[in-house]
Every structure is written in structure tokens, then in C-alpha cells.
Amino acid sequence: MTDPATTPAVLTALTSFDPPLAGPPRLAPTDVSYVLDDTEVGRMLVAVRDDGRVLATAFAPDDAAEERWLARLAASVSPRVLRHPAPTDAARRALGDFLAGRTRRVDVEPDLALASPFQREVLTGLAARVGYGERTTYAALAAAVEHPGAARAVGTALGGNPLCVTLPCHRVLPAAGGVGGYAGGPAAKEHLLALEAAHASHPARS
């Protein structure tokens, strides 16, 4: 009896069967890509738009903090948020270069979509007025952005900064002394201040 598996029709079908290789998985299109990065100053969530603009370099020490930032991204930017490292590579390199003392700024295009109007005033005023290795106080920054007497409100705005390190709120200190509050904790703030103090006298590389 002829084996059905060896009939000409079956052999022809098997010979012509040549499915394409699957290749790497294809991720669905997304508006915001993010990753969690363990940096010298703590665990940070880095999020970018599909055009590369950076929405967040935010401290996310635990799962609850991560979920809060993801909810903020979904509500303010787009619900299409995907944990996808590759699009964040440039932002993470820029952040790493700054934290290693190789550059004096996090060389990215920041996007303040997650910031309130008042936060935008405070953060853009800070970035424009307080340079690498420099320090100011909450009261002085409030006056500089034309909100004299609003030191407490400025501190609150900086406490919710979605672009920590990128927009350097660590340079703002209490007038009474000490380092004050910081989203990444006082040790992270002291580390950043010490880093800038150590490199401020070197020739600028960025």
C-alpha cells in the first residue's frame, strides 16, 4: 500500500512550504515610550514622545510612583504609552553623560506637557537664570519669575518637576540653609550639587 505521506501531491506541498521567518516582535505604534533607569541618583522614569522630545526624567523609586507617572502621561499626553527602551536611548545617554560629569546640561529637547502653567513659568525661569554650579533660593526664584512672596508655591512647583535633573530644580535651596526637599531625596540632591561643584571650574564641554 502506498504511504499517503509520500504521494506526489503531498511531496510537492511539503517542498513548496516555506513560511517567512517571524523575526523580532513588532511593537504596536505608540505616542509615548518609557523605560525605568537605575541612575547614580536613583531609579528614574524616562519618557519620550514619538518625535524624541523628552516628557519625563522623573524619580520613580517604586511601583506606585511609576504608576502615578504613567497615569499622568496618559491623562496629559496620550493613553498610548508603552514601555519600550529603544526610543529613550538618546535621552538616557544624555542623562548619563550629565550624571558622569561629562556635560553641563542634559542635552535633550524638553517637553513640558506634564507641567502646569505655573510650573512652566518656574521651570523655564530656573533654566534661563541659574546655570551649572550655581545656586539660588526659593524666594529669589519666585521674585525672578515675577511672583514675589510665592516661595512656598515655587517649592511646590519644583517638587512636582517632571524633568528632574534635565531642568535643574536641585539648584534651588532654602534661604535658611540645608538642601531642602527634593523628589529624589536629600542624598540625590546633595550628590547633584557636589557633582556640579566639582566640575563647575572645568572648561565647558556642552
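Residues numbered from 1 in each chain as written. Predicted model: local features only at pLDDT ≥ 70, side-chain atom pairs only at ≥ 80, totals over all residues. Heavy atoms only, no water.

By the element assignment, Cys164 lies in the loop between α6 (151–159) and β6 (172–173). Taking C-alpha positions, Cys164 is 7.8 Å from Ala56, a pair spaced 108 residues apart along the chain. Filtering out sequence-adjacent residues up to four positions away, Cys164 remains in contact with Met44, Thr57, Phe59, Cys169, Tyr182 and Ala183. (Helix = DSSP H or I, 4+ residues; strand = E, 2+ residues; numbered from the N terminus. Contact = heavy atoms within 4.5 Å.)

Time to look at the sheet that holds strand β1 (residues 32–39). If you walk across this open sheet you meet the 4 strands as β3-β2-β1-β4, and the pairing is mixed. The open sheet has two free edges, formed respectively by β3 (54–59) and β4 (81–83), since each of these has just one partner strand. Shown here is a sheet whose adjacent strand axes are inclined to one another by a mean of 25°, direction ignored. Running over the sheet, helix α3 (residues 89–99) touches β1, β2 (42–49) and β3 and is turned about 140° from β2. (Pairing = 2+ DSSP bridges. Axes fitted to C-alpha atoms, helices over the stretch in contact; angles between N-to-C directions.)

Let us now look at the packing of aromatic side chains. Under the criterion given, the structure shown has 2 aromatic pairs. Judged by centre distance (5.5 Å) and plane angle (75°), the ring pair of Phe59 and Tyr182 falls under edge-to-face. Placement of Phe59 in strand β3 and of Tyr182 in the loop between β6 and α7 (186–199) is noted, with a sequence separation of 123 residues between them. Of the two residues, Phe59 and Tyr182, both sit in the buried class. For the ring pair Phe98 and Tyr132, a centre distance of 5.9 Å and an interplane angle of 80° mean the geometry is edge-to-face. Taken together, the positions of Phe98 in helix α3 and Tyr132 in the loop between α4 (117–129) and β5 (136–137) put the pair 34 residues apart, joining distant regions of the chain. We note that Phe98, like Tyr132, is buried. (Phe/Tyr/Trp six-rings, centres within 6.5 Å; stacked < 30°, edge-to-face > 60°. Buried < 20%, exposed > 50% of the residue type's maximum accessible area, 1.4 Å probe, protein only.)

Turning our attention to the nonpolar core. Phe98, Leu141, Leu158, Val165 and Tyr182 are the most contacted members of the largest nonpolar core, which totals 39 residues. Of all the secondary-structure elements, those providing two or more residues to this core are β2, β3, α3, α4, α5 (138–144), α6 and α7. When residues of this core are assigned to their parent elements, the largest contribution, 5 residues, is made by α3. If near-sequence neighbours (up to four positions away) are discounted, Phe98 is found in contact with Thr103, Arg104, Arg105, Val106, Tyr132, Val165, Arg171, Leu192, Leu195 and Glu196. Membership of the second largest hydrophobic core comes to 15 residues, among which are Leu55, Ala65, Trp69 and Ala113. (Core = buried A, V, L, I, M, F, W, Y, C linked by side-chain atoms within 4.5 Å.)

All right, on to the pattern of salt bridges then. What the rule picks out here adds up to 10 salt bridges. With its nearest N and O atoms 3.5 Å apart, the salt bridge here joins Arg43 to Glu66. Remark: Glu66 occurs in helix α2 (residues 63–76) and Arg43 occurs in strand β2; sequence separation between them is 23 residues. On the basis of relative accessible area, Arg43 is assigned to the partly exposed category, the value being 22%. Ionic pairing is found between Asp107 and Arg105, a salt bridge with its closest N-O pair at 2.5 Å. Look at the salt bridges and you will find they share partners, linking Arg49, Asp51, Arg53 and Asp111 into a network. (Salt bridge = Lys/Arg side-chain N within 4 Å of Asp/Glu carboxyl O.)

These figures capture arrangement, not role.
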